[in-house]
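A closer look at the structure
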Amino acid sequence: MKFIPFILIGMWTAFTINVSAATSFHTRCLETLAKAIKIELPDSIGKNVDNDSTWYFAGKQLRIRTNNYGDVSHIGYKLFDSRLIKDYDMQLVLDFIERYALAQDVMEEEDKLEAANREYVSFLEGDVSLLNRNPELPFAFHEKERHGYIVEWGSGKQKVCMQIPADYQLIVGADAVELENIFERNIQRIEPLLLPDTLPQAWKDSRISSADTLLIASNGNYLTDMIRSDLYLHASSGCMRILIDTLKPLQSLNNILLTGCFGQEILLELTIDKYGYAKTHMEITLQQFLSYCQQEYCRFYLGKKTYTEEMLTATLFAVNHKMAYNHMLSIQFPLSILYGKGGKAKGTLYVYTPLQNITEKFFIHDIKSDK
């Protein structure tokens, strides 16, 4: 990916620091923006807070939001009505616009020009001077999956139409290296909860077919027909339940890796392969990894590589189609775990790989089920 204008990744310097050292931020971009506007934040705002009534800058209302961990995850002008935000990706894009508008008012003129580089964000109508809109105005939100977004509002000479690429680094304000560090920090903060064996929400609208005595819920494939999002189910008490059965080990392992459904936590010795040939080693649970990806609204796909009586090797993809990236986990899973004899899975992980340049033909999703 090319260099992102530093207004968007937080490389600001020489600002007075009035932010409490204890305040935690999701990205450096947000921390430096808070310093730039000299906003005084409490040590802890709380988790999952959306505050649009307490703080102001230059007489304009600000929105401050925190995430699941209590980190400040957004600072920007209040340009949109939160009640109209329907989807996760819509919130990320509108947050970007709010942050973008605020950043314009605190940067030097030459940096504004750099930030407005049409290679990243373009105005199809209007310009940056019109971004200070009334939050009560309706807006239109258009998406072309994995390519970009168009947001428009206003009318006449006051109409604004912005085109924003589906570039996760740009939208959240963090480069590839920082995203790796964010993942490493936050994955260990996830609670490894045990999951029920009912059909997960991500497969609620999947195609259901049958094979032998089993049902198959399919979300299709990813890149190739060998990498699939298929769950094997059985009917019980009028419900479809995830199959976990030592007599059907391959199907059961498939289900475990896609959902994390199992009677106990599954330890995962994880190596994160980073930019610059750096590696980080840690021990988490498989359930923590899957929960992290679910919080990002990723969809899971599994490609099986080898299978013996002792070991399954596979590649698990967690794909965010909206923000055009995937996480890829190459995993070795001992069958001893399924049989209740202990053991640990081992995996190598690559996070936040961009998908914008992958040819469109690879995203034609087949929804056939394995027979």
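Predicted, not measured: the structure shown is a model, and the values here were computed from it.

Turning to the overall build of the protein chain, a few remarks are in order. Looking only at helices and strands, the protein chain has nine helices and 18 strands in total. Within the protein chain, buried positions represent 51% of all 371 residues. When contacts within the protein chain are restricted to residue pairs at least 6 apart in sequence, long-range pairs at least 24 apart make up 56% of them. Accessible area for the protein chain stands at about 17500 Å²; split by element, carbon and sulfur atoms hold 51% of it.

If you trace the four strands from one edge of the open sheet to the other, you get β5-β8-β7-β6, paired in antiparallel fashion. Of all the strands in the sheet, just β5 (122-125) and β6 (139-144) have a single pairing partner and so form its edges. Strand-to-strand twist of the sheet, defined as the mean angle between neighbouring strand axes without regard to direction, takes the value 20°. Pairing of strand β7 (residues 148-153) with strand β8 (residues 160-165) involves six bridges; the strand directions are antiparallel. Looking across to β8, one finds that E152 is bridged to C161. Where helix α3 (residues 88-104) meets the sheet, its contacts fall on β5, β6, β7 and β8, and the angle it forms with β6 comes to roughly 115°.

Within helix α7 (residues 249-259), nine of the 11 residues are buried, which leaves the element mostly enclosed by the surrounding structure. Buried residues of α7: P249, S252, L253, N254, N255, I256, L257, L258 and T259, and no others. With its phi angle positive at about 80°, G260 sits one or two positions after the end of α7.

Summed over the entire model, instances satisfying the criterion amount to 12 aromatic pairs. Look at Y168 and Y325: their rings are 4.6 Å apart centre to centre, the planes differ by 45°, and that puts the pair in the tilted class. In this pair, Y168 sits in helix α5 (residues 168-172) while Y325 sits in strand β17 (residues 325-334), placing the two residues 157 residues apart along the sequence. You'll find Y168 and Y325 in the same group, each marked buried.

What follows deals with the nonpolar core. I75, I97, F289 and F333 are the most contacted members of the largest nonpolar core, which has 102 residues in total. Counting residues per element, this core draws most heavily on α3, which supplies nine residues. Counting five residues, the second largest nonpolar core, distinct from the first, contains A211, L214, Y232 and L243.

Okay, the packing of helix α2 (residues 28-36) against α3 next. Running from N to C, α2 and α3 point in directions that differ by 40°, and their axes come no closer than 11 Å. What the angle tells us is that α2 and α3 run oblique. As α2 packs across α3, the resulting crossing turns out to be left-handed. In this structure, α2 uses C29, L30 and L33 to contact α3, whose residues at the interface are R99, L102 and A103. When the residues that make up the contact of α2 with α3 are grouped by side-chain class, the tally is five nonpolar, no polar and one charged.

Following the sequence through the fold, T315 ends up in strand β16 (residues 311-320). Classification of T315 as buried rests on a relative accessible area of 12%. The contact partners of T315, leaving out residues within four places of it in the chain, are Y301, L302, G303, K305, M328, L329 and S330.

The next thing to look at is unusual backbone geometry. Of note in the backbone geometry, Y297 takes a positive phi value of approximately 60° without being a glycine. Within the secondary structure, Y297 is located in the loop between α8 (286-295) and β15 (299-307). Here A324, not a glycine, exhibits a phi torsion of approximately 60°, which is positive.

Once that is clear, we can look at the pairing of strand β9 (residues 207-211). Note: β9 against strand β10 (residues 214-222), five bridges, orientation antiparallel. Paired with S209 across the strands is I216, a residue of β10.

This part takes up the pairing of β8. Relative to β8, β5 runs antiparallel, the two being bridged by three bridges. Considered in β8, the bridge of F123 is made with M162. Counting the residues in the hairpin turn of β7 and β8 gives six residues, including G154, whose phi is positive at 80°.

Taken as a whole, the protein chain shows an average pLDDT of 86; of its residues, 87% reach a score of 70 or greater. Segment residues 360-371 is flagged for pLDDT under 50; beyond a separation of four residues in sequence, or across chains, it makes 35 contacts in the model.

Let us look at the environment of C298. Within the secondary structure, C298 is located in the loop between α8 and β15. Classification of C298 by relative accessible area gives buried; the value is 8%.

We now examine the environment of Y56. On the secondary structure map, Y56 appears in strand β2 (residues 56-57). Taking C-alpha positions, Y56 is 8.5 Å from I39, a pair spaced 17 residues apart along the chain. Of the polar contacts made by the side chain of Y56, one reaches the side chain of Q61; its length is 3.5 Å.

Conventions adopted
- Residues numbered from 1 in each chain as written.
- Predicted model: local features only at pLDDT ≥ 70, side-chain atom pairs only at ≥ 80, totals over all residues.
- Heavy atoms only, no water.
- Helix = DSSP H or I, 4+ residues; strand = E, 2+ residues; numbered from the N terminus.
- Buried < 20%, exposed > 50% of the residue type's maximum accessible area, 1.4 Å probe, protein only.
- Contact = heavy atoms within 4.5 Å.
- Areas by Shrake-Rupley, 256 points an atom, 1.4 Å probe, with all protein chains shown as cover.
- Pairing = 2+ DSSP bridges.
- Axes fitted to C-alpha atoms, helices over the stretch in contact; angles between N-to-C directions.
- Phe/Tyr/Trp six-rings, centres within 6.5 Å; stacked < 30°, edge-to-face > 60°.
- Core = buried A, V, L, I, M, F, W, Y, C linked by side-chain atoms within 4.5 Å.
- Parallel < 35°, antiparallel > 145°, perpendicular 65-115°, else oblique.
- Left-handed = near helix turned anticlockwise from the far one by under 90°.
- Nonpolar A, V, L, I, M, F, W, Y, C, P; charged D, E, K, R; others polar.
- pLDDT = per-residue confidence, 0-100.
- Polar contact = N/O pair within 3.5 Å; in protein donor to acceptor, adjacent residues only side chain to side chain.

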